[in-house]
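# Understanding the architecture of this molecule
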Amino acid sequence: LTTKAIGFIKDHAEKPFFLNLWYYTVHTPIEPRKDKLEKYTAKAKSLGLDTSKPPAISEHQSLTNARQDNPAYAAMVESLDENVGRLMAELDRLGLRENTIVVFFSDNGGLATGSHTRYPVCNLPLRAGKAWLYEGGIRTPFIVSWPARFQGGRTLETPVISLDLLPTALEAIGAAPPAGTVFDGKSLLPLLTGKSTRHHDTLYWSSGGLNGEWAVRQGDWKLHALRDQRELINLAAKPAETKNLAAQHPEKVKQLTALYHAWL
């Protein structure tokens, strides 16, 4: 995939281009390179880890992997890192790095939670994992680079969402959306260039396939719903989502529930 992507960049280096590159790594099936697997198997052994018996945390009727110890997964992460590096090196070589927007992100958190403990990822201190709407399932890596427009090397704590990418791209190239278009996302450029510190007032998630699970985040408050259970979390105080404040703040639960139904 990286070799094909580099070929595409070379072919389009003299004009604007858009490259959408979705690596299969890291994803199941877990299929690492043999040399890298040997490296990380040896590392796990040197750390005294028994990878056949990973610890687990109960999550409703499921289990969450409680230790990151999978050598095969580590090997695949290194392969991903190497290939992103190849891509960035080619942008440098062609003199395109300065004025190319590069976005690196994941569509969901790592696969950590389900019916057994042999999932390849541990997302601690975040709760649960892929297919869940706890932070382990929805908080992901999100890196943006555009040296010509904004300074790198910063960490912004403001919540953003992948829906922001389309309006960001349109603003970056100076293209107006079709008349009447309404986006759920917002351009990230005011945030990235320091023109604004505000972004989304409220974010919503709905995963009807998993017991009607849904969530709302407003500021540091997050309401998580699973079947008839409601958990109200202050993410600034407990990003691990271990303290349910719903009983202490019933009005906040009511307010966020109303926002969710209005959004639907």
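Residues numbered from 1 in each chain as written. Predicted model: local features only at pLDDT ≥ 70, side-chain atom pairs only at ≥ 80, totals over all residues. Heavy atoms only, no water.

### Observations concerning the confidence of the model for the protein chain
Definition in use: pLDDT gives the predictor's per-residue confidence on a scale running from 0 to 100. Secondary structure elements are defined from DSSP: runs of H or I of at least 4 residues count as helices, runs of E of at least 2 residues count as strands, and each element is numbered from the N terminus.
Taken over all residues, the pLDDT of the protein chain has a mean of 94, while the share at 70 or more is 98%. By mean pLDDT, the top-scoring element of the protein chain is helix α1 (residues 2-11) (98), and the lowest-scoring one is strand β4 (residues 113-114) (92).

### Topic: the nonpolar core
Convention followed: Remark: nonpolar core denotes a set of buried residues (Ala, Val, Leu, Ile, Met, Phe, Trp, Tyr, Cys) joined through side-chain atoms within 4.5 Å. Burial classes: relative accessible area under 20% of the type maximum marks a residue as buried, over 50% as exposed, and values in between as partly exposed (1.4 Å probe, protein chains only). We call two residues in contact whenever any of their non-hydrogen atoms come within 4.5 Å of each other.
Listed in full, the twelve residues of the largest apolar core are Tyr-204, Trp-214, Val-216, Trp-221, Leu-223, Ala-225, Leu-232, Leu-245, Ala-246, Val-253, Leu-256 and Tyr-260. Among the elements of the structure, β7 (213-218), β8 (221-226) and α7 (250-263) are those that each provide at least two residues to this core. Non-local contacts of Trp-214, meaning those with residues more than four positions away in its chain, are made with Leu-133, Trp-205, Ser-206, Leu-223, His-224, Ala-225, Arg-230, Thr-257 and Tyr-260. Core analysis: the second largest hydrophobic core is formed by eight residues, Ala-5, Ile-9, Leu-91 and Leu-96 among them.

### Notes on the packing of aromatic side chains
The criterion, for reference: Aromatic rings from Phe, Tyr and Trp, with only the six-membered ring used for Trp, were paired whenever their centres fell within 6.5 Å, and each pair was classed as stacked if the ring planes differed by under 30 degrees, edge-to-face if by over 60, and tilted otherwise. A ring is scored as having a charge over it whenever the NZ atom of a lysine or the CZ atom of an arginine sits within 6 Å of its centre and within 35 degrees of its normal.
Tallying each qualifying case throughout the model produces seven aromatic pairs. Each ring, one from Phe-8 and one from Phe-17, has its centre 6.1 Å from the other, and the planes form 85 degrees; the classification is edge-to-face. Judged by its relative accessible area of 26%, Phe-17 is partly exposed. Where Trp-214 meets Tyr-260, the ring centres are 4.0 Å apart and the plane angle is 5 degrees; that geometry is what we call stacked. Here Tyr-260 lies in helix α7 and Trp-214 lies in strand β7, a separation of 46 residues in the sequence. Residue classification places Trp-214 among the buried positions, given a relative accessible area of 7%. The class for Tyr-260 is buried, based on a relative accessible area of 5%. Linked through ring pairs, Tyr-204, Trp-214, Tyr-260 and Trp-263 together constitute an aromatic cluster. One residue, Arg-127, lies across the ring of Tyr-134, its end atom 3.9 Å from the ring centre.

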